[in-house]
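Results of the structural survey
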Amino acid sequence: MSVQTEGTFCVQGIGSRPKLHVSADGAGVVSHSGARLLADLADVTGLTSAYSTALRPLRPRGTGHDPGRIATDLAVMLADGGETITDLAVLRDQGEAFGPIASTPTAWRLLSAVDERVLDRLRSARAQAREAAWLQASETRCGIPAAKAGGQELPGLVLDIDATLITCHSEKEAAAPTYKGGFGFHPLVCFLANTGEAMSGRLRPGNSGANTAADHIAVLDDALAQIPDAHRHGTDILIRTDSAGSAKAFLTHVRNLRARGIRTFFSVGYAVTEPVRRAIRALPEQVWHPALDQDGTLRESAEIAELTGMSDLAGYPAGTRVIVRRERPHPGAQLSLFDRDEGLRHQVFLTGTPYTSGSAQFLEVRHRGHATVEDHIRCGKSTGFGRLPSRRFGVNAAWLELSLAAIDLLAWTRVLLLDGELATAEPKKLRYRLLHVAARITRGGRRLRLRISATWPWRHELTAAFHRLTALPRPAG
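The written sequence of each chain sets the order in which its residues are numbered from 1. With the structure being a predicted model, the display of local features is reserved for residues of pLDDT at least 70 and the display and counting of side-chain atom pairs for 80 or more, all residues being used for whole-chain, interface and lining totals. As a convention, hydrogens and water are excluded, and side-chain values are obtained from all of the structure's heavy atoms.

Helix numbers and strand numbers start at the N terminus; a helix is a DSSP run of H or I with at least 4 residues, a strand a run of E with at least 2. Across its full length, the chain holds 17 helices and 17 strands. Computed over the C-alpha atoms, the radius of gyration of the chain is 26 Å, within 12% of the 23 Å expected from 2.2 N^0.38 for a compact globule of 477 residues. Judged by the C-alpha coordinates and their principal axes, the chain covers about 85 × 80 × 50 Å. Exposed residues in this analysis have more than 50% of their type's maximum accessible area, buried residues have under 20%, and partly exposed residues fall in between, with area computed by a 1.4 Å probe over protein chains only. The burial tally for the chain puts 49% of its 477 residues in the buried class. Any two residues whose heavy atoms approach within 4.5 Å at even a single point are treated as in contact. Here the contacts in the chain between residues at least 6 apart in sequence split such that 67% fall between residues at least 24 apart. By the counting scheme adopted, Arg and Lys are positive, Glu and Asp are negative, and His together with the chain ends is not counted. All charge positions are set by atom: Lys at NZ, Arg at CZ, Asp at CG, Glu at CD. Taking the average location of the 58 positive side-chain charges in the chain and that of its 49 negative ones, the two points are 5 Å from each other. We compute the radius of gyration over the C-alpha atoms and compare it with the globule rule, which gives 2.2 Å times the number of residues raised to the power 0.38.

Structural data, given as structure tokens:
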């Protein structure tokens, strides 16, 4: 019994939890039951059947597990938060909900059989499923949402390309020292800012250059091949990168895509070289204008100015503009000697967007939206490609491709099946609230029922997602 005296707080007694007697003999209980939503979505978008077609040559006798189904199950496992091939056991040991799942050795054999030609077929299969998912979004929702910047919706599609480092703690084929002093791989990936879909990715050795134009061109072309024809032609496509994408050959390739009917624009970071510094110092104060925040309001202590015409852009596509941003640095910011002398942090970027399509203020806040790719990469690393399973480079490249498919499944789940807060949730939140929920399997009236707990806080959101999944139109064939 608690006693309250003057100057003290009344402390309630700590209630005890009910006693539990634990055993491992339960039946009819399914853990990670929400992951069935991902498996069904892979079927409804045609991803499973497209994978089956792509991998049919790897099943010459027509016996055993369908390779396409194995690939889909691996993608579902990665989307659900699995980290290794052995994590397939989470699905395999719950056959009532997930059906027959391949063994770990069978999954290993499939990944080992994926070469560059098979990898290209897997990419094509994913593009086919994406076309179905986007059609379903246009028929049941409002289509693919627009990316936003400065409080405005951006027209068309926005592709963000960036490289990242994956650390290896053991010897793996093609792993190499990285520019940050680590050891591992340096993949280059592309995400769609509109939805968070993983459009393309290439696994590269750790010592690969960050600004290699050929790699940027390959990843961009892979990403464009993922966009359905109806959107690839006649739609504005903005390509954003950091300064690693400012190579003249890459930007020339972006501009030349217009000759193929692809309306591409670029917005890429640019190094602050000595000629750029001289141009910045020569700018009169009256040409600086307040910068914008992502909600469209004025940003304190940050200003924008146009450098076009004051910097040498020989070799860059005609009409390229240079824009500079300066702001008071936040505590702990890494500054160059030039920034320290000026007392301000400077960032420069190039854009091919003409003057008639936006002010320098808007183009700068639009370019700054590229930073969201860091969030996509962080989530992607928790969805498979942060831990590569094999010593063989080919297996790891296949793992990366299936990780991109897993990211797509989560993105399509948000776009097609969820509303409100969950429609923009990161994978961690989706797993905690929806995918990892336990449920009971019951039979009755010739039906197999998945019974989610009546007290689960997000039971209505999960059941609504399953109902929306059932109502999605199926792709032809």
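What follows is about the sheet that holds strand 17 (residues 447-452). In this analysis, strands are considered paired if DSSP registers two or more bridges between them. Taking strand neighbours across the sheet as the criterion, the 3 strands line up as 1-16-17 in an open arrangement whose pairing is antiparallel. The strands lining the two open edges of the sheet, one partner per strand, are strand 1 (29-30) and strand 17. As paired strands, strand 1 and strand 16 (residues 439-444) are joined by 2 bridges and run antiparallel to one another. When the bridges of strand 16 are listed, V30 appears paired with A439.

Taken together, the side chains of R440, R447, R449 and R451 present a region of like positive charge at the surface. With 3 residues, strand 17 is the largest single contributor of residues to the positive patch. One can find R451 in strand 17. According to the relative accessible area criterion, R451 is partly exposed, its value standing at 45%. What goes into a patch is any residue over 30% in relative accessible area without a salt bridge, connected to like charges within 9 Å or, for nonpolar side chains (Val, Leu, Ile, Met, Phe, Trp, Tyr), within 5 Å. Surface exposure here means Shrake-Rupley accessible area, sampled with a 1.4 Å probe, where a residue is shielded only by the protein chains that are shown. For this document, the term salt bridge refers to a Lys or Arg side-chain nitrogen within 4 Å of an Asp or Glu carboxyl oxygen.

Moving on to the side chain of R240. Within the secondary structure, R240 sits in strand 10 (residues 237-241). In this structure R240 comes out as buried when scored by relative accessible area, which is 3%. With residues up to four places along the chain from it excluded, the contact list for R240 reads L154, V158, L159, D160, I161, A193, S267, R366, H367, G369, H370 and T372.

For Phe, Tyr and Trp, rings pair up if their centres lie within 6.5 Å, where Trp contributes its six-membered ring, and each pair is then called stacked (planes under 30 degrees apart), edge-to-face (over 60) or tilted (otherwise). Under the definition given, this model contains 4 aromatic pairs. Ring geometry for F185 and F393: centres 6.2 Å apart, planes at 45 degrees, overall tilted. Taken as a pair, F185 in strand 7 (residues 183-185) and F393 in helix 15 (residues 393-417) lie far apart in primary sequence, 208 residues in all. A relative accessible area of 0% means that F185 is categorised as buried. A relative accessible area of 22% means that F393 is categorised as partly exposed. These aromatic residues form a ring-pair network of at least three members: Y432, W456 and W458. Against the face of F265 rests R258, its NZ or CZ located 4.7 Å from the ring centre. Remark: a charge is flagged as sitting over a ring if the NZ atom of Lys or the CZ atom of Arg is within 6 Å of the ring centre and within 35 degrees of the ring normal.

This part takes up the sheet that holds strand 14 (residues 321-327). On the basis of which strands lie adjacent, the open sheet formed by 9 strands has the order 9-8-4-10-11-15-14-13-12 and mixed pairing. Here the strands that pair on one side only, and so sit at the sheet edges, are strand 9 (198-202) and strand 12 (289-292). Direction aside, the axes of adjacent strands within the sheet are offset by 25 degrees on average. Bridge count for strand 12 against strand 13 (residues 298-306) is 4 bridges, and the pairing is antiparallel. By the bridge assignment, A291 is partnered in strand 13 with R299. As a rule, the C-alpha atoms of each element are fitted with a line to give its axis, helices using only the stretch in contact, and angles between N-to-C directions run from 0 to 180 degrees.

Here we take up the nonpolar core. The tendency in soluble globular proteins is for nonpolar side chains to be buried as a group. To form a nonpolar core, buried Ala, Val, Leu, Ile, Met, Phe, Trp, Tyr and Cys residues must be joined to one another through side-chain atoms within 4.5 Å. Judged by nonpolar contacts, the single largest core of 121 residues is most densely connected at L159, L220, F250 and L350. Ranked by the residues each element gives to this core, the list is headed by helix 15, at 16 residues. The residues touching L159, leaving out its near neighbours within four places in the chain, are C190, F191, L192, M199, L220, A223, L224, I227, I237, L238, I239 and R240. V158, L292, A302 and I323 belong to the second largest nonpolar core, which has 16 residues in total.

Here we take up the pairing of strand 9. Within strand 9, 4 of the 5 residues are buried, which leaves it mostly tucked inside the rest of the structure. Two elements, strand 8 (residues 188-192) and strand 9, share 4 bridges in a ladder whose sense is antiparallel. Within strand 9, the position partnered with C190 by the bridge is S200.

Next up on the list: unusual backbone geometry. Look at A174: it is not a glycine, yet its phi comes out positive at around 75 degrees. Structurally, A174 is set in the loop between strand 5 (166-167) and strand 6 (176-177). Residues other than glycine seldom take positive phi values, yet S301 does so here, at roughly 65 degrees. Following the sequence through the fold, S301 ends up in strand 13.

On to the pattern of salt bridges. Scanning all chains against the criterion turns up 32 salt bridges. Linking R321 and E306 is a salt bridge whose minimum nitrogen-to-oxygen distance equals 2.9 Å. Here E306 lies in strand 13 and R321 lies in strand 14, a separation of 15 residues in the sequence. The partner of E421 in a salt bridge is R433, and the shortest N-O contact between them spans 3.4 Å. Placement of E421 in the loop between helix 15 and helix 16 (427-435) and of R433 in helix 16 is noted, with a sequence separation of 12 residues between them. Overall, R433 belongs to the buried group, its relative accessible area being 17%. In this structure, a network of salt bridges that share partners links the residues E116, D120, R123, R126, R130, E197, E401 and D408.

A separate point is the environment of A465. Note on placement: A465 falls in helix 17 (residues 459-471). With 52 residues separating them along the chain, A465 and T413 place their C-alpha atoms 8.3 Å apart. With sequence-adjacent residues up to four places away left out, A465 is seen in contact with L37, L417 and L418.

A word on the packing of helix 14 (residues 372-385) against helix 15. In contact at an axis separation of 8 Å, helix 14 and helix 15 are set at 120 degrees when each is read in the N-to-C sense. Between helix 14 and helix 15, the angle falls in the class oblique. Handedness of the crossing formed by helix 14 with helix 15: right-handed. Contacts between helix 14 and helix 15 involve G380, T383, G384 and F385 from the former and W399, L400, S403, A406, I407 and L410 from the latter. Of the residues belonging to the contact of helix 14 with helix 15, the class tally is 6 nonpolar, 4 polar and no charged. By definition in this entry, angles of less than 35 degrees are roughly parallel, angles greater than 145 are roughly antiparallel, angles of 65 to 115 are roughly perpendicular, and the rest are oblique. Each helix crossing is assigned a hand: it is left-handed if the near helix lies turned anticlockwise from the far helix by less than a right angle, otherwise right-handed if that turn is clockwise. Charged residues are taken to be Asp, Glu, Lys and Arg, nonpolar residues to be Ala, Val, Leu, Ile, Met, Phe, Trp, Tyr, Cys and Pro, and polar residues to be all remaining types, Gly included.

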